[in-house]
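Chain and residue survey
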Amino acid sequence: EDLTRLARATGGRVVVTLADMEGNETFDSECLGSAELVQEERVGDGEMLYVRGTACSKATTIVIRGANDFHLDELDRSLHDVLMVIKRVLESAAVVAGGGAVEAALSVYLEKQANAMSSRE
C-alpha cells in the first residue's frame, strides 16, 4: 500500500521483479518516479522518510503523535472523520448545519429582536 502511494505521488510504477521473460535482470527507466528531495528525519523516537517535491503535489502525509496507543487511536478516528466531512462537502458543495448551529443562530436572532423592543412582552 505504501509503495503504491509513493509510486502514485512520484509518477513512478511499482516493479515486482527485475527478471524479464528470458530470466535476465533488466530495468526500464520509465518506471522511475521523481522527487526534489528524499531525506530521513528523526521524529520523536523513530525516523520518518520524507519525500518532497514530487510530480503529483497533491500527496500529503499527516504525522499523528500521542501519549499512548489509545490516544493515537482516538486521534486517528477523529482525523478520519474530519477528512471524510471535508471530502463530502467538496463533492456536494453544500453543508447542513449541525452541532447546535441552528440553536445558536436562533439565540442570536432572538436576542437581537429582544433588544429592539422597548418593553417586555
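The structure presented is a predicted model; accordingly, all values stated were derived computationally and were not measured. (Residues numbered from 1 in each chain as written. Predicted model: local features only at pLDDT ≥ 70, side-chain atom pairs only at ≥ 80, totals over all residues. Heavy atoms only, no water.)

Focus on the overall build of the protein
Going by this rule: The way it works is that DSSP assigns letters per residue, a run of H or I at least four long becomes a helix, a run of E at least two long becomes a strand, and they are numbered from the N terminus. Our radius of gyration looks at C-alpha atoms and nothing else; its globule reference is 2.2 Å times the residue count to the power 0.38. Per-residue accessibility, obtained with a 1.4 Å probe over protein chains only, is compared with the maximum for each type, and a residue is labelled buried under 20%, exposed over 50%, and partly exposed between these values. Here, residues are in contact when the closest pair of their heavy atoms is within 4.5 Å.
Helix and strand counts for the protein stand at three helices and two strands. Along the protein, helices (α) and strands (β) appear in the sequence α-β-β-α-α when read from the amino end. Against the compact-globule benchmark of 14 Å for 121 residues, the protein has a radius of gyration of 26 Å, which places it well outside the compact range. If one aligns the C-alpha atoms of the protein with their principal axes, the spans along those axes are about 95 × 35 × 25 Å. Across the 121 residues of the protein, 5% fall into the buried class. Of the contacts made within the protein by residues no fewer than 6 positions apart, 15% connect residues no fewer than 24 positions apart.

So, the environment of aspartate 20
With respect to the element layout, aspartate 20 can be found in the loop between α1 (2–10) and β1 (35–43). Judged by its relative accessible area of 24%, aspartate 20 is partly exposed. Taking the C-alpha atoms as reference, aspartate 20 lies 58 Å from alanine 97; in sequence the two are 77 residues apart.

Re the pairing of β1
This is how it is decided: Two strands are said to pair when DSSP picks up at least two bridges between them.
Taken together, the eight bridges between β1 and strand β2 (residues 46–54) define a ladder with antiparallel strand orientation. From the neighbouring strand, arginine 42 faces β2, where its bridge partner is glutamate 47.

Some points on a nonpolar patch on the surface
Test applied: The patch calculation keeps residues exceeding 30% relative accessible area without a salt bridge and links them within 9 Å when they carry like charges or within 5 Å when they are nonpolar (Val, Leu, Ile, Met, Phe, Trp, Tyr). All accessible areas in this document rest on Shrake-Rupley with a 1.4 Å probe, and a residue is counted as covered only by the protein chains that are shown. The salt bridge criterion pairs a side-chain nitrogen of Lys or Arg with a carboxyl oxygen of Asp or Glu, the two atoms within 4 Å.
On the surface, a nonpolar cluster with roughly 470 Å² of combined accessible area is contributed by Ile62, Val82, Leu83, Ile86 and Leu90. Under the relative-accessibility criterion, leucine 90 is labelled exposed at 67%.

A closer look at the environment of leucine 18
Checked against the element boundaries, leucine 18 lands in the loop between α1 and β1. Here leucine 18 falls in the partly exposed class, since its relative accessible area comes to 39%. For the pair leucine 18 and leucine 72, spaced 54 residues apart in sequence, the C-alpha to C-alpha distance is 39 Å. Sequence-distant contacts of leucine 18, that is, excluding residues within four places in its chain, are made with Asn24, Glu25, Thr26 and Phe27.

A few points about the side chain of threonine 54
The following threshold applies: Polar contacts here mean pairs of N or O atoms no more than 3.5 Å apart (in protein, one a potential hydrogen donor and the other a potential acceptor; neighbouring residues in sequence count only if both atoms are side-chain atoms).
Relative to the helices and strands, threonine 54 resides in strand β2. There is a polar contact of 3.4 Å between the side chain of threonine 54 and the backbone oxygen of alanine 9. What threonine 54 contacts, discounting residues up to four positions off in sequence, is Ala9, Thr10, Ser34 and Ala35.

A word on the pattern of salt bridges
Going through the model one piece at a time under the given rule, you end up with four salt bridges. As a salt-bridge pair, arginine 42 and glutamate 47 come within 2.6 Å of each other at their nearest N and O atoms.

Here's the deal with α1
This is how the line gets drawn: As used here, the arc belongs to the directions running from the helix axis to the C-beta atoms.
When α1 is considered as a whole, its buried residues turn out to be Ala7, Ala9 and Thr10. Here the buried residues of α1 occupy an arc of 165° about the axis, which is enough to place them on one side. The inward-facing, buried residues of α1 contact β2. Just downstream of α1 lies glycine 11, where phi reads positive at about 85°.

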